[in-house]
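Overview (structure and organization)
Below, each chain spelled out in residue letters.
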Amino acid sequence: MKSHAVLAAGFLKDAGRARWHDEALWYVREKRDRLVRSVPGWEELRDTAHAIKRHALANLSSYLEEFERNAAARGAVVHYAADAGEHNRMILDILRARGARLLAKSKSMLTEECGLNDFLESNGVEVVETDLGERIIQFARERPSHIVMPAIHKKKEEVGEIFHRHLGTAAGESDPTALTRAARVHLREKFLAAPAGLSGVNFAVAETGAIIICTNEGNADLVTSLPDVHIAVMGVEKLIPRSRDLSVFLRLLARSATGQPVTAYTSHLLGPRPGQEMHIVIVDNGRSDILKSARFHRAAFCLRCAACLNTCPVFRRSGGHTYNYVIPGPIGTILAPHRDLKKYKDMPFASSLCGSCSAVCPVKIDIHRQIVLWRNEIVEAGYLGRVKSAVLKTATAVMRNARIFTAAGALGRRALRLAPRFFYNNRLTIWGKTRDLPQLPARSFRSQYKAYRKTGKAGESRD
Amino acid sequence: MKTARVGGQTAKQAILSRLKEHAVAGDTAYPAYSHPHTGQGDLRQAFKGVLESVGGECWLAGDRAGAREMLAASGLMSPPGQFCSYVEDIAPGNFDAEAAADVRECRDVRVAVLKGEIGVAENGAVWVDATRLRHRGLLFLAESLVLVVDGNAIVPDMESAYARIDFGPVRSGYFISGPSKTADIEQCLVIGAHGARSLVVIVIG
């Protein structure tokens, strides 16, 4: 498996595309900023969201039971799945019991996490993603590069090519409106034909047993209201105590995600429609482990809005496919190590630690601090590369001893003046590949300070 | 109470007991809060402004007769086509969704007219309680949607909206803000993805 740094270098080879990707995401970030400024008390709203999440997750088992009671009273069947395998088998069993061989599906990152589509396809069920972006990448046999805008890495000409192959649109057609119309006609037939529909869940309300789904396209609403079987899948962390809490989260969610005041559709489903079967599959798949961690449990507060992806300088300039975990970007970086620290050891280093992710997070997860702590864990576990380990060990020894540090500083200043580029731009120090050092001062801060104390004048810092 | 057939009670009990071992620390009390969205001025105008910014249309009508005239003059419901109305005094329909045995029979409806219970000024959303509809899918199959909202039912924000909703009798309810849309191809906004391709909200009084 290639590391983020290697994959990112590949992404950056096409400078034009890299810039286009960066700008597309920054545009969303700017829209978010405009919307956020229009809401009085935005910061207090984030604090409240954080406090509600903290409360809900500290009492999750009782809220789950309350939710199950209320959802069941309204006619839904509630299932619990300990892991991805159980989740996938449960869904297959539900479909098989009804003889359903076609599943219309709206967007769900949980099913990506569980690898549901491949599992169902290999068991003879045709899965049709109905979110436009998801359908594009399903045709392309790729994974989403972004958790809200799954096909953000695709240019419209590429989408045109894909639709030409799969939907028979005219060759060379790349107008987004024309392509969207073609997808509408194609997917309308699927909505009407599918015996079963599957959706994700944005929020589940304990006091009513309601599930809430937020979309712009309206695909989730067709998926949940047309077929005779509706399966909703959700992670345990989606529970919130009261309906009123939705006002807090809904005011934050779309503004943070796409810079909209709210999504076009916010659907509240309390039990199946008449004549329909509704199944709610509640999944753990490692979430209880995250919640058990004193250092890292706040990662479970996440609403999957992707604000941290859109703002991240590394994500914007490297694209979602350079992260090996199913959820990319800053939030993926603090979720992946829970899954497999060794496998995803490169991810916490794919960060500048600028803290922009934490600044935009609607539920105030301390994302960048957790990234630092994960680096810690990786070092402790011995997963750091040999070169980096040696460099850090040397740096630690130097910095621990004042005299060695002073001597090293003096030596470094001299050496860098004599042969500057060699030291930071050879094959071993990849740091220098895209960076230059600032001009170095002739004297250290310490000696300048000493001179200042003696003469009362700031000395020259340069030759 | 129905319970899981697969995974079953063992999975449930295992998950619930694991969740009790959480490490969530600090003040875990349920917070007291209120975050009113203030400073929007005239709520009808604010609602109209936001709704138009998300691709919807908002007509301010003096009364129900005025609304009926506006709709007739718009040509939105001029034949041919199927028009499904739950607000007959404003929009006479020719298609009865309540008489349709299957939701798929609503697939060719050109315009659906329904009552909206609440309008939300901060985000242009209208609360539609679909509990009494035989086919909630009508809301998303119809080519165009017209929602009729009482002017006094426009509230400043989501907090006030939820304060007005009693979920007791509700089986399904939707906040709808503008027509369906997507920006999945190069962030280019396209109105009319899978749901309604246009949305008109008529505010009465």
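In this text the structure is predicted, and so the values were computed from the model without any measurement.

Before going further, it helps to spend a moment on the overall build of chain A. Counting its regular elements, chain A contains 22 helices and 10 strands. The principal-axis extent of the C-alpha atoms belonging to chain A is close to 90 × 55 × 45 Å. Per-residue burial over chain A gives 57% buried out of 463 residues. Counting only contacts in chain A whose residues sit at least 6 apart along the sequence, the fraction spanning at least 24 positions is 72%. Of the roughly 19200 Å² that chain A leaves accessible, carbon and sulfur atoms contribute 53%. Positive and negative side-chain charges in chain A, numbering 70 and 46 respectively, have mean positions lying 11 Å apart.

Here we take up the sheet that holds strand S4 (residues 118-120) of chain B. The 8 strands are arranged S8(A)-S5(A)-S6(A)-S9(A)-S8(B)-S5(B)-S4(B)-S7(B) in an open sheet whose pairing can be described as mixed. Either end of the sheet is taken by a strand with one partner, and the two such strands are strand S8 (239-240) of chain A together with strand S7 (154-155) of chain B. Here S4(B) pairs with S7(B) via 2 bridges, running parallel. Bridged to B:Val120 within S7(B) is B:Val155.

Another point: the pattern of salt bridges. Should the charged atoms of two oppositely charged side chains come close, the side chains can pair. In total, this model carries 37 salt bridges over all chains according to the counting rule given. The partner of A:Glu68 in a salt bridge is B:Lys12, with the nearest N and O atoms 2.9 Å apart. Highlighted residues: A:Glu68 in helix H4 (residues 60-73) and B:Lys12 in helix H1 (residues 8-19), drawn from two different chains. Each member of the pair, A:Glu68 as well as B:Lys12, carries the same accessibility label: buried.

Below, the discussion takes up the interface of chain B and chain A. Taken together, the contact pairs 76 residues of chain B with 110 residues of chain A. For the pair chain B and chain A, the summed buried area comes to about 8000 Å², and 57% of that belongs to carbon and sulfur atoms. Among the residues of chain B in contact with chain A, B:Tyr30, B:Ile185 and B:His194 are the three that bury the most area, contributing 10% of the side total. Among the salt bridges present, the one from A:Asp284 reaches B:Arg18, with a minimum N-O distance of 3.7 Å. Across the chain B-chain A interface, the total number found is 48 residue pairs in polar contact (both at pLDDT 80 or more).

Burial within helix H8 (residues 132-139) of chain A is extensive, with 8 of its 8 residues counted as buried. Here H8(A) has its buried residues at A:Leu132, A:Gly133, A:Glu134, A:Arg135, A:Ile136, A:Ile137, A:Gln138 and A:Phe139. The secondary structure elements touched by the buried residues of H8(A) are helix H6 (109-114), helix H7 (116-122), strand S3 (126-129), helix H9 (156-167) and helix H10 (176-193) of chain A together with strand S9 (181-182) of chain B.

To continue, consider the packing of helix H16 (residues 329-339) of chain A against helix H18 (residues 367-380) of chain A. All names here are of chain A. Relative orientation of the contacting elements H16 and H18 amounts to 40 degrees, with a least axis distance of 9 Å. It follows from the interaxial angle that H16 and H18 lie oblique. Pair H16 / H18 crosses with left-handed handedness. In this structure, H16 uses Pro-330, Ile-331, Thr-333, Ile-334, Pro-337 and His-338 to contact H18, whose residues at the interface are Ile-367, Gln-370, Ile-371 and Trp-374.

Below, the discussion takes up the nonpolar core. Core analysis: the largest hydrophobic core is formed by 154 residues, its most contacted members being A:Phe203, A:Ile211 and B:Leu139. When residues in this core are grouped by element, the largest group, 7 residues, is from helix H12 (residues 245-258) of chain A. The contact partners of B:Leu139, leaving out residues within four places of it in the chain, are B:Leu114, B:Val128, B:Ala130, B:Leu133, B:Leu145, B:Tyr174 and B:Ile176. Residues A:Leu95, A:Val125, A:Val229 and A:Val281 belong to the second largest nonpolar core, which totals 22 residues.

Let us look at the domain arrangement of chain A. When the parts come together, some accessible area is lost, and that loss is often what is quoted as the size of the interface. Domain boundaries in chain A define domain 1 (39-285) and domain 2 (386-455). Taking the mean C-alpha position of each, domain 1 of chain A and domain 2 of chain A sit 52 Å from one another.

All names here are of chain A. Between helix H19 (residues 386-400) and helix H20 (residues 402-418), whose axes approach to 5 Å, the crossing angle comes to 110 degrees. In terms of orientation, H19 and H20 fall into the roughly perpendicular class. Facing Val-398, Met-399 and Arg-400 of H19, the residues of H20 in contact are Ala-402, Ile-404, Phe-405 and Ala-408. For the contact of H19 with H20, the class distribution of residues is 6 nonpolar, no polar and 1 charged.

This model, assessed by the stated rule, comprises 13 aromatic pairs over all chains. Judged by centre distance (6.2 Å) and plane angle (85 degrees), the ring pair of A:Phe139 and A:Phe163 falls under edge-to-face. Of this pair, A:Phe139 sits in helix H8 while A:Phe163 sits in helix H9, and the two are 24 residues apart along the sequence. For the pair formed by A:Phe139 and A:Phe163, the shared burial category is buried. Taken together through their ring pairs, the aromatic side chains of B:Trp127, B:Tyr162, B:Phe167 and B:Phe175 make up a single cluster. For the cation-ring pair, A:Lys155 lies above A:Trp20, with the distance from its terminal atom to the ring centre recorded as 4.8 Å.

Next up on the list: the side chain of B:Gln40. All names here are of chain B. Mapping Gln-40 onto the fold places it in the loop between H1 and helix H2 (43-53). Within the structure, the side chain of Gln-40 is placed 3.3 Å from the backbone nitrogen of Glu-122, a separation counted as a polar contact. Only 2.9 Å separates the side chain of Gln-40 from the backbone oxygen of Pro-156, close enough to count as a polar contact. In contact with Gln-40, other than residues within four places in its own chain, are Ala-46, Ala-121, Glu-122 and Pro-156.

This paragraph deals with the confidence of the model for chain B. Residues and elements named next belong to chain B. Per-residue pLDDT for chain B has a mean of 95; in total, 96% of the residues score no lower than 70. Every residue in residues 1-6 scores below 50 in pLDDT, and together they form 19 contacts with partners more than four places removed in sequence or on other chains. Taken together, the chains of this predicted complex give a pTM of 0.93 and an interface ipTM of 0.96.

The next thing to look at is the sheet that holds strand S11 (residues 198-204) of chain B. All names here are of chain B. One open sheet accounts for 5 strands, arranged S1-S11-S6-S3-S2; its pairing is parallel. The two strands at the open ends of the sheet, each matched to only one other strand, are strand S1 (57-61) and strand S2 (82-85). Going across the sheet, the axis of each strand differs from the next one's by a mean of 15 degrees, ignoring polarity. Sheet topology note: the strand S3 (residues 109-116)/strand S6 (residues 144-150) ladder contains 6 bridges and is parallel. Residue pairing across strands places Gly-116 opposite Val-149, the latter belonging to S6. Along the sheet, H2 makes contact with S1 and S11, crossing S1 at roughly 155 degrees. Each of S1, S6 and S11 touches helix H3 (residues 64-74); the most contacted strand, S1, lies at about 135 degrees to it.

Another point: the environment of B:Leu71. Residue and element names in this part refer to chain B. By the element assignment, Leu-71 lies in helix H3. Judged by its relative accessible area of 3%, Leu-71 falls in the buried class. A C-alpha to C-alpha distance of 23 Å links Leu-71 and Leu-43, two positions 28 residues apart in sequence.

Conventions adopted
- Residues numbered from 1 in each chain as written.
- Chains lettered and ligands numbered in written order.
- Predicted model: local features only at pLDDT ≥ 70, side-chain atom pairs only at ≥ 80, totals over all residues.
- Heavy atoms only, no water.
- Helix = DSSP H or I, 4+ residues; strand = E, 2+ residues; numbered from the N terminus.
- Buried < 20%, exposed > 50% of the residue type's maximum accessible area, 1.4 Å probe, protein only.
- Contact = heavy atoms within 4.5 Å.
- Areas by Shrake-Rupley, 256 points an atom, 1.4 Å probe, with all protein chains shown as cover.
- Lys, Arg positive; Asp, Glu negative; His and termini not counted.
- Charge placed at Lys NZ, Arg CZ, Asp CG, Glu CD.
- Pairing = 2+ DSSP bridges.
- Salt bridge = Lys/Arg side-chain N within 4 Å of Asp/Glu carboxyl O.
- Buried area = accessible area lost by both parts, 1.4 Å probe.
- Polar contact = N/O pair within 3.5 Å; in protein donor to acceptor, adjacent residues only side chain to side chain.
- Axes fitted to C-alpha atoms, helices over the stretch in contact; angles between N-to-C directions.
- Parallel < 35°, antiparallel > 145°, perpendicular 65-115°, else oblique.
- Left-handed = near helix turned anticlockwise from the far one by under 90°.
- Core = buried A, V, L, I, M, F, W, Y, C linked by side-chain atoms within 4.5 Å.
- Domains from an automatic or database assignment.
- Nonpolar A, V, L, I, M, F, W, Y, C, P; charged D, E, K, R; others polar.
- Phe/Tyr/Trp six-rings, centres within 6.5 Å; stacked < 30°, edge-to-face > 60°.
- Lys NZ or Arg CZ within 6 Å of the ring centre and 35° of its normal.
- pLDDT = per-residue confidence, 0-100.

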